[in-house]
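# Inside the fold
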Amino acid sequence: MTVGVCYFPEHWSRERWETDISQMAEAGIEYVRMGEFAWRRIEPERGTFDFAWLDEAVELIGKFGMKAVLCTPTATPPKWLVDEHPDVRQREQDGTPREWGSRRFTCFNSPTYRSETERIVSVLTDRYADNPHVAGWQTDNEFGCHETVTCYCEDCGEAFSEWLADRYESVADLNDAWGTTFWSQQYDDFESIDPPKPTPAANHPSRVLAYERFSNDSVAEYNRLHAALIREANDEWFVTHNFMGGFSLDAFRLAADLDFLSWDSYPTGFVQDRQPDTPTVDELRAGNPDQVSMNHDLQRGAKGKPFWVMEQQPGDINWPPQSPQPADGAMRLWAHHAVAHGADAVVYFRWRRCRQGQEQYHAGLRRQDGSPDRGYREASTAADELFDLDSVDASVALVHDYESLWATRSQPLSPDWDYWNHLRTYYDALRARGVQVDIVSPEATLERYDAVVAPTLYLVGDELSTALTDYVDSGGCLLLGARTGEKDPYNRLHESLAPGPLTALTGAQVARHETLPDHVETRLSYDGATYEFRTWASWLAPEVGVPRGEYRTGEAAGNTAIVRNAAGDGSVTYCGCWPGDDLADALVTELLDAAGVEYTERFPDGVRVMERDGYTWALNFTSDPVTLTVPDSTGFLLGESTVDAFDTAVLDGSIRGVGLASE
Amino acid sequence: MTVGVCYFPEHWSRERWETDISQMAEAGIEYVRMGEFAWRRIEPERGTFDFAWLDEAVELIGKFGMKAVLCTPTATPPKWLVDEHPDVRQREQDGTPREWGSRRFTCFNSPTYRSETERIVSVLTDRYADNPHVAGWQTDNEFGCHETVTCYCEDCGEAFSEWLADRYESVADLNDAWGTTFWSQQYDDFESIDPPKPTPAANHPSRVLAYERFSNDSVAEYNRLHAALIREANDEWFVTHNFMGGFSLDAFRLAADLDFLSWDSYPTGFVQDRQPDTPTVDELRAGNPDQVSMNHDLQRGAKGKPFWVMEQQPGDINWPPQSPQPADGAMRLWAHHAVAHGADAVVYFRWRRCRQGQEQYHAGLRRQDGSPDRGYREASTAADELFDLDSVDASVALVHDYESLWATRSQPLSPDWDYWNHLRTYYDALRARGVQVDIVSPEATLERYDAVVAPTLYLVGDELSTALTDYVDSGGCLLLGARTGEKDPYNRLHESLAPGPLTALTGAQVARHETLPDHVETRLSYDGATYEFRTWASWLAPEVGVPRGEYRTGEAAGNTAIVRNAAGDGSVTYCGCWPGDDLADALVTELLDAAGVEYTERFPDGVRVMERDGYTWALNFTSDPVTLTVPDSTGFLLGESTVDAFDTAVLDGSIRGVGLASE
Amino acid sequence: MTVGVCYFPEHWSRERWETDISQMAEAGIEYVRMGEFAWRRIEPERGTFDFAWLDEAVELIGKFGMKAVLCTPTATPPKWLVDEHPDVRQREQDGTPREWGSRRFTCFNSPTYRSETERIVSVLTDRYADNPHVAGWQTDNEFGCHETVTCYCEDCGEAFSEWLADRYESVADLNDAWGTTFWSQQYDDFESIDPPKPTPAANHPSRVLAYERFSNDSVAEYNRLHAALIREANDEWFVTHNFMGGFSLDAFRLAADLDFLSWDSYPTGFVQDRQPDTPTVDELRAGNPDQVSMNHDLQRGAKGKPFWVMEQQPGDINWPPQSPQPADGAMRLWAHHAVAHGADAVVYFRWRRCRQGQEQYHAGLRRQDGSPDRGYREASTAADELFDLDSVDASVALVHDYESLWATRSQPLSPDWDYWNHLRTYYDALRARGVQVDIVSPEATLERYDAVVAPTLYLVGDELSTALTDYVDSGGCLLLGARTGEKDPYNRLHESLAPGPLTALTGAQVARHETLPDHVETRLSYDGATYEFRTWASWLAPEVGVPRGEYRTGEAAGNTAIVRNAAGDGSVTYCGCWPGDDLADALVTELLDAAGVEYTERFPDGVRVMERDGYTWALNFTSDPVTLTVPDSTGFLLGESTVDAFDTAVLDGSIRGVGLASE
Ligand SMILES: [Zn+2]
Ligand SMILES: [Zn+2]
Ligand SMILES: [Zn+2]
């Protein structure tokens, strides 16, 4: 478990480098990421390369006992390249090009850009193939950031036609699968199928979903090209990519080509720009622990192994609406939090506040004048405190499906429908109970988990249906949520009512669904108590399933909301609505009980506990101290029973019996 | 009075058709609308036609004793046509094409698309010219839906020049009429006048209004082309078009070419997306009766004869922000409501929830698995309950002017100005008093009405001024509202103060006007009481008119708000502001008293009564039962004196004396 | 001190002109502005000129003893010109042209448009070179209105490259100065540098700032071309331009080419569309006096001499969200207000409400039927009451920097950061204390002021740093605000912490900064009391400076907020946050005390006093009367000690001792 930092020697004078790098080593840093935006520095004109500077930086890193992580610099091609080949630019849906001048504006399907990519990546990886100080590579940077997964250029149009031709026997099959008799949308051949462009009403949902799949495959293919060249040069190098948090690029799709996943964590930004609620003051100071760890658990779950935080927020940042100062301690807290959720390395972004360009208002561990900022001291403390650990061992999986995210996003049926936020309702309930959760794809092997929560498996075909049924038959405990099984994999309604092929498993069908705004009262009864729900309500018609919850308000009153069904050796609960937090807790604890998974008392927002490798972390993301209750036999590796504001305790023992003292 | 349904055989397997069609007949359905989006199914490649499927569907409909209503399928041309002729696409104001992939993206002025339209319509109408099961035709589908009345392509540019050349003696006349000396906007010839495009400030209002008129004329001309071919093939067929609700396409302009008008009614959607206020829970469940019936009365008023609801909401729908389930009973309630307002047929949209394409989340009478939904049972009940009736006989007209809608929309002077909503203030007041209202154009013959309300006749020339004056002179009672007579028909201010040529009739002029945000207090006195008003205030300077209302707040205090003038044998009241509901009631009842028109007590929101052909309907659009008081002599054809939530009563007698029992 | 009016003879029949012009003279009007949009009237086709009408209008103005102010008509070229040369149109960032049809859509850098401009301006100025009735000229109209300072056409692209080539020794120097190693943004030559266009993330801030400077220089160059031709024709004419209020076009940059500045004042509009808070009812009626006078003081400060209000609101106006009627008296109040702040002339816009085109809902002094509106009577009263005065003598300067406005606007770090609004906090505090303030550029000579307030000198290089230091050294009292000295003139962070080169002067550095939303508590202590602040907080690390204010809330608690430093013979106070109104008052009065500048008691919002040339004005912008306390020796030139709602008093004496009687 280690700490790293992102460094841009090209932003600073060569005279400064040794000082900088020695200060990194002093702080206990082990990895230095470099080169991700340096193409023009490396190749100032076509075919003329300048590696001296990078050679020297790598050498210095080695000299101080650290390792370099290099990046393919393809997120920012030089201007001369784009001026020579303007066709490499992506295009918006209305045809406007995405211009040079920031980053990630190039097309994943451009043959020109792919060949330019191969050229620069080959030169770079050849150069460092035998360098002992380079540990591995990051491909490109944050694929899809600034909403660039999809492009609507001509190259993409052609590639889309080919992609479809590879996936359907004939265009007649495609017409059948999509259902193009609706609004005269039959295609005559693959060539004439183009990207969905602006049209008065919505585009065909099957076409839109296909374009999302194609676009994500294009990114994966583009990433594969990097990975292959890197491995070709030196197959001992690791290959990773730095994903974004709360994002719609399909990380599962790229995972096979990477040795491990990594991601970029900015807690005080995420609470401002990718959660629907106004952030609390504590969240502005340290983020929301569940929002952050959901991403940790996804990066870990995607490969079933430890991940890296490739960029960790070091202080104030420039891109959210507001730039609050993180709490004292937050930069250290985040490192412990990541490790407790399975990170092997936490790499702070960046070494030093940059004086120039778009990110001048993004802090570094050190300030622009070179002096240490709070982040430097906290990173250094964290480096000191972290210790080596085995992998996280989760007995619960949460199934997340990017395709269901894309598909429900294009047919939300309510401005309040939000795939991630709905998923968070279940995830947060599990985390409040101290449970470690692997976030996995629908293709994952579920048998290794005692319990599985699948909040929105919207697109369900026979294969997935069989997998879920097998899981339950063989004793698994499954909890399904709203909008399950509404569609087939082509984004059509099943001919049978939802949940389509899962009807037998759930023992119920959806008689009717509705969405409601927040100002309408929505309550249901479950297990003798009354609970709130929101936004979505499917009215269930139980067949063999046992009604467990019943709507109590509005037109829905009297209809079944939640049904439970025993199947084979296991059981499945199907909740037709978006539960409130209390109902989510009730559903999740019932599931854990059924599965025999241990859990803690219900921790309040902002206070979280989790176990890794026999140790237990108690993390306080709030500005009020909390006091733990701990079994007598358990000692503290770090901290003590009172955990201060934004502080951390590490217990030398399992999570069992850890709780909060009542006030 | 009958019930119909919209059916898309092309979405379902041929094996299913007979089952579907027999179930329609069982429900009491008499009309089946088909073919509106089926061009590609009919003509899979240029010149190759496949009619077998449609022949068979029509035959089955006949076999089960029903009639087919066919549609020209021009809202959705096949992709091969658009790929061959990309010039048929409309263009946005900034030049972006409206692409194939949804519907209604083709230009009304494209010579290519007009000739393609003639081709397909001729083939289709020839095919069914002698078919005994086809009752008539719908032209295209919802002209102008998704804001497509106006197009900015080159074909439209040329057609606009010609349209102007037809309407002005010379370009000098046009320059004079529009007043183009403002900002150096004189034109040199008709050819150089193009559609209003993006320019830093607003475009010239006379040019903008001319473009709206031209665009609406283009739609009318395009519709005429369909109607002529249909009639040429079989002149016993009826020709109609399905308009949208609360819409800006000029229905009056198309009316002459149609045998009757029809429209598409989606009550739970309209309360969400075309009313400024947040819908109440009851409105989410059944819509707002006045919003719906205003459209009924407009479709009826436009031709002075019964209309159809060509699409009636069957259950939950996909396109509003939220998709609540309609109340139990709402689907039946809407059918009675339409009939009470003069509908001859109510055609539910659609038969069965569609599994594919953009409208999967739009309910049908039956669910996607073929099983009946609530809509099926309610439509069937309605079919059973409806009976034949004479036309509605309205003694009050409400004058609605699309051109004033367009013109005030482009110069609203307040974000709160909303032509429809202002019109609704008067309309709702009349409806709360049980009065049947014909909504008519400014060209309508007013003499047949005892009272006329004209909320916003903004554009007033000599002709209209004379018509209104004649009406009052001959004993008519007229109520005029805010912004009356501000402009001449070219969208210029009159040289005299508002209401320009109506000054003599109203006996008052507008000394000054203002708009105010809601947070400013706005009250006036009228007839001894104090009332609220909103948004707009014209300060009237009475000449021969008698001041009847006076502003009591703000800068306006002391100025006249409402003036009354006797003229000839009649009288006119001119209200210079947008009245609150209570003031609207006071104004309207005074008008009805003056005109000797009977009216009921003032019914609360959501409860409405109306008379047709000697029968009286009492409809409850709320979730609370209400109890009627009814003259002893009046019996119930349907229901009883207590009308349940979302229920209907039909009385065998006139509306006189019908009221609500106090609680 | 005089009154004028804007007149458009081309909108009215020739028969009317003499009546109109005689009525102007009757009202006491001395100047009549004409011709600003009349190009097509003057040149109906290329090379054919019609001056008869304008000759006659000028002659009539002379006949009635008034002077004409003519305008170059280049804001609205004729359609024939634009059809001939479509390249004169500006383009949006995405390439969409700004079309003919309103105004100010032509490119300042178009060689074609420059040559057309020279042609029409030469012809016009030659025509009137010897006309005794023409007093001077206005160039074009409201440069940059409707956000047209920046254009993204090809001509601009080329001109930008040349502009850069003129300012940097080499492209390498530019790369160094901007810091283009960030995200591989190095340029290869000047030719390849284009305007910042749409790119997925933000554009490089140094490039964006350079483009703002270039665009403003382009306007200045274009204005210079007018001014030169006007002076060439008759060097006794004055040359001015009518700027807009609260605007980002750099008035200082154009000032050198103008004899005096003028601006267009619309108080009831500005409170609605360029202040963040919802306007109060009083503001809707008469505007906010500080918002208006800040513009007066800027126009005066830019040249250090009296200015004109070239367009003064005459009544209700069309372009803000709402069109309230101004209060009775407001049109007169605004004239006195302007004069008290240093105006020499107040020109009402316009003579008569226009019947045609885009501004029909913009009042004139007279109504569309020619009858007088309230504005006519109030303008006439004002004309009667105004008397000649020497210049305003301000002992306090407020430094305003357009470049800092542009730069902070592109990196606001908070949706609540608003350069103008922040500046207003200090300005309003000074005005509430009756202080006259020159608003000056950073290049101004500060030595003539006893005290200087510089709310946001964001871009600070050595020159400015030296100037400020010299000012303080020589005894000046300086107050600096939030975001001071964060950047160098190329929009890069200084290598030292903020305030960069001002560190020695302030005796403190910024250890850290943050922005916070309004829902977070933000308080500080200063001089024994607690105050509120908002949005921005720099945490200061005092070195030799004396801590004077300390944050008391949140993460900032305990850090220094305000520091004071003695330097040479003067002193400087540096406030790191955006103060609340009470704190601004405390800071400003401390500054005035230190500088020995007299000030009044703190007047409430909407009541303002100010002195010019030994007279004192007391203006009441509220709907409640106020009562003044005045030294016994001071008499009233106008009004009396009770100043009615929206009324004015003028005292024959200095401001000393003027206050409000307590209620
Ligand atoms: Zn592409
Ligand atoms: Zn068109
Ligand atoms: Zn330009």
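Conventions used here
Residues numbered from 1 in each chain as written. Chains lettered and ligands numbered in written order. Predicted model: local features only at pLDDT ≥ 70, side-chain atom pairs only at ≥ 80, totals over all residues. Heavy atoms only, no water. Donors = N, O, S within 2.8 Å, 3.2 Å for Na, K, Ca; no water. Tetrahedral: all angles 85-135°; square planar, octahedral: opposite > 155°, others 65-115°. Buried < 20%, exposed > 50% of the residue type's maximum accessible area, 1.4 Å probe, protein only. Contact = heavy atoms within 4.5 Å. Buried area = accessible area lost by both parts, 1.4 Å probe. Salt bridge = Lys/Arg side-chain N within 4 Å of Asp/Glu carboxyl O. Polar contact = N/O pair within 3.5 Å; in protein donor to acceptor, adjacent residues only side chain to side chain. Helix = DSSP H or I, 4+ residues; strand = E, 2+ residues; numbered from the N terminus. Least-squares fit on C-alpha atoms with pLDDT ≥ 70 in both. Pairing = 2+ DSSP bridges. Axes fitted to C-alpha atoms, helices over the stretch in contact; angles between N-to-C directions. Domains from an automatic or database assignment. Nonpolar A, V, L, I, M, F, W, Y, C, P; charged D, E, K, R; others polar. UniProt positions renumbered as here; feature names shortened; annotations may be inferred. Parallel < 35°, antiparallel > 145°, perpendicular 65-115°, else oblique.

### A closer look at the coordination of the zinc ion (ligand 3)
Residue and element names in this part refer to chain C.
- For the zinc ion (ligand 3), the full set of protein donor atoms is C107 (SG), C151 (SG), C153 (SG) and C156 (SG), and the range of their distances to it is 2.2 to 2.3 Å.
- Around the zinc ion (ligand 3), the four donor atoms are arranged such that angles at the metal cover 95 to 122°; this shape is classified as tetrahedral.
- Motif for the zinc ion (ligand 3), donor spacing along one chain: C-x43-C-x1-C-x2-C. Grouping residues by exposure puts C151 and C153 together as buried.

### Details of the interface of chain B and chain C
- Each partner contributes residues to the interface: chain B has 55 residues there, and chain C has 58 residues.
- Each partner contributes to the roughly 4,700 Å² buried at the junction of chain B and chain C, and carbon and sulfur atoms together form 52% of this total.
- Among the residues chain B hides against chain C, the three largest losses belong to B:F182, B:W183 and B:L493. Together they make up 17% of the total.
- A salt bridge links B:D194 to C:K79; the nearest nitrogen and oxygen atoms lie 3.6 Å apart.
- For the interface between chain B and chain C, the tally reads 33 residue pairs in polar contact (both at pLDDT 80 or more).
- Taken together, the elements giving at least two residues each to the side of chain B that touches chain C come down to helix 8 (205-233) and strand 14 (508-515) of chain B.

### With respect to the relation of the copies chain B and chain C
- Under the fitted operation, chain B is carried onto chain C by 0.1 Å of movement along the axis and a turn of 120°, and the coordinates agree to an RMSD of 0.0 Å. A rotation of that kind, with that shift, is consistent with a three-fold axis. When C-alpha positions in chain B are compared against the rotation axis, the closest is assigned to B:T96, at 5.8 Å.

### Thoughts on the sheet that holds strand 24 (residues 635-638) of chain A
All names here are of chain A.
- Taken in spatial order, the four strands line up as 21-22-26-24 in an open sheet, and their pairing is antiparallel. Each edge of the sheet is formed by a strand with only one pairing partner; in this case those strands are strand 21 (607-612) and strand 24. This sheet shows a mean twist of 30° between the axes of neighbouring strands, independent of strand direction.
- Relative to strand 26 (residues 648-652), strand 22 (residues 615-620) runs antiparallel, the two sharing four bridges. Residue pairing across strands places W617 opposite V650, the latter belonging to strand 26.

### Quick notes on the pattern of salt bridges
- One pass over the structure, following the stated rule, counts 168 salt bridges over all chains.
- Note that A:R285 is salt-bridged to C:E514, the shortest N-O span being 2.7 Å. Placement of A:R285 in helix 11 (residues 281-286) and of C:E514 in strand 14 (residues 508-515) is noted, with the two residues assigned to different chains. The same class applies to A:R285 and to C:E514, which are both buried.
- Notably, a salt bridge pairs C:R656 with C:E598, separated by 2.3 Å at the nearest N-O pair. Residue C:R656 is found in the loop between strand 26 (648-652) and strand 27 (659-660), and its partner C:E598 is found in the loop between helix 19 (581-595) and strand 21 (607-612); the two are separated by 58 residues along the sequence.
- Look at C:R656 and you get exposed, because its relative accessible area is 55%.

### A word on the domain arrangement of chain A
All names here are of chain A.
- Partitioning chain A into domains gives domain 1 (2-70 + 121-149 + 236-385), domain 2 (396-595) and domain 3 (607-660).
- A straight line from the C-alpha centre of domain 1 to that of domain 3 covers 28 Å.
- Contact residues are listed per partner, giving 22 residues for domain 1 and 15 residues for domain 3.
- Of the roughly 1,500 Å² buried where domain 1 meets domain 3, counting both sides, 61% is carbon and sulfur surface.
- Summed over the three residues of domain 1 that lose the most area to domain 3, namely D282, L333 and A340, the buried surface amounts to 35% of that side.
- Linking domain 1 with domain 3 are three salt bridges, by the criterion used here.
- In this structure, D290 engages R608 in a salt bridge whose closest nitrogen and oxygen atoms are separated by 2.7 Å.
- Counting only elements with at least two residues in the side of domain 1 that touches domain 3, the list comes to helix 11, helix 12 (289-303), helix 13 (330-340) and strand 9 (343-348).
- The dominant element in the side of domain 1 that touches domain 3, judged by the number of residues it contributes, is helix 13, at seven residues.
- Looking at the side of domain 1 that touches domain 3 residue by residue, the classes come out as nine nonpolar, six polar and seven charged.

### Here's the deal with the coordination of the zinc ion (ligand 2)
All names here are of chain B.
- Looking at the metal site, the zinc ion (ligand 2) is ligated by C107 (SG), C151 (SG), C153 (SG) and C156 (SG), spaced 2.2 to 2.3 Å from it.
- For the zinc ion (ligand 2), the four donor atoms in the first shell make angles of 96 to 123° at the metal, a pattern classed as tetrahedral.
- If you list the donors of the zinc ion (ligand 2) from N- to C-terminus, the spacing comes out as C-x43-C-x1-C-x2-C. Within this pair, whereas C107 is found in the loop between helix 4 (79-84) and helix 5 (111-128), its partner C156 is found in helix 6 (residues 154-167), the two being separated by 49 residues in sequence.

### As for the UniProt feature "active site" in chain A
All names here are of chain A.
- Feature annotation in UniProt assigns "active site" to the following positions: E142 and E311. Of the residues just listed, which span 170 residues, no C-alpha pair is farther apart than 10.5 Å, and they cluster in one region.
- Every residue in contact with E142, bar those within four places of it in the chain, is listed here: R103, R104, H241, N242, M244, D264 and E311.
- What makes E311 buried here is its relative accessible area of 5%.
- Here E311 is in contact with C6, R33, E36, N141, E142, N242, W263, D264, S265, Y266, V347 and F349, once residues within four sequence places are set aside.
- Separated by 3.0 Å, the side chains of E311 and R33 make a polar contact.

### Observations regarding the packing of helix 6 (residues 154-167) of chain A against helix 8 (residues 205-233) of chain A
All names here are of chain A.
- Helix 8 packs onto helix 6 with a crossing angle of 100° between their chain directions and a minimal axis gap of 10 Å. Here helix 6 lies roughly perpendicular to helix 8, going by the angle between them. On the side of helix 6, the interface is formed by C156, A159, F160, W163, L164 and R167, while helix 8 contributes R207, A210, Y211, R213, F214 and D217.
- Taken together, the residues that form the contact of helix 6 with helix 8 break down as eight nonpolar, no polar and four charged.

### Structural notes on the side chain of C:T560
- Among the structural elements, C:T560 can be located in strand 18 (residues 560-567).
- Exposure remark for C:T560: the relative accessible area of 10% places this residue in the buried category.

### Some remarks on the pairing of strand 7 (residues 262-265) of chain C
Residue and element names in this part refer to chain C.
- Of the two faces of strand 7, the one holding S262 and D264 and the one holding W263 and S265 are both buried throughout.
- Strand direction decides the pairing type here: strand 6 (residues 242-243) and strand 7, joined by two bridges, are parallel. Across the sheet, F243 pairs through a bridge with W263, a residue of strand 7.
- Note that strand 7 and strand 8 (residues 307-312) share four bridges and pair parallel. Across the sheet, residue S265 finds its bridge partner in strand 8, namely Q312.

### Some thoughts on unusual backbone geometry
- Residue B:R350 follows B:F349 across a cis peptide bond; omega there is 0°.
- Position of B:R350 relative to the elements: it lies in the loop between strand 9 (343-348) and helix 14 (374-385).
- For the bond from B:A498 to B:P499, the omega torsion is 5°, close enough to zero to count as cis.
- Backbone geometry places A:F646, a non-glycine residue, at a positive phi of 55°.
- Owing to a relative accessible area of 5%, A:F646 belongs among the buried residues under this scheme.

### Section: the interface of chain C and chain A
- Listed by partner, the interface residues are 55 residues for chain C and 58 residues for chain A.
- Between chain C and chain A the total buried area reaches about 4,700 Å² when both faces are included, carbon and sulfur atoms providing 52% of it.
- If you look at where chain C meets chain A, you find eight salt bridges.
- Applying the counting rule to chain C against chain A returns 34 residue pairs in polar contact (both at pLDDT 80 or more).
- Counting only elements with at least two residues in the side of chain C that touches chain A, the list comes to helix 8 (205-233) and strand 14 of chain C.
- It is strand 14 of chain C that provides the largest number of residues to the side of chain C that touches chain A, a total of six residues.
- Tallied by class, the residues present in the side of chain C that touches chain A amount to 21 nonpolar, 19 polar and 15 charged.

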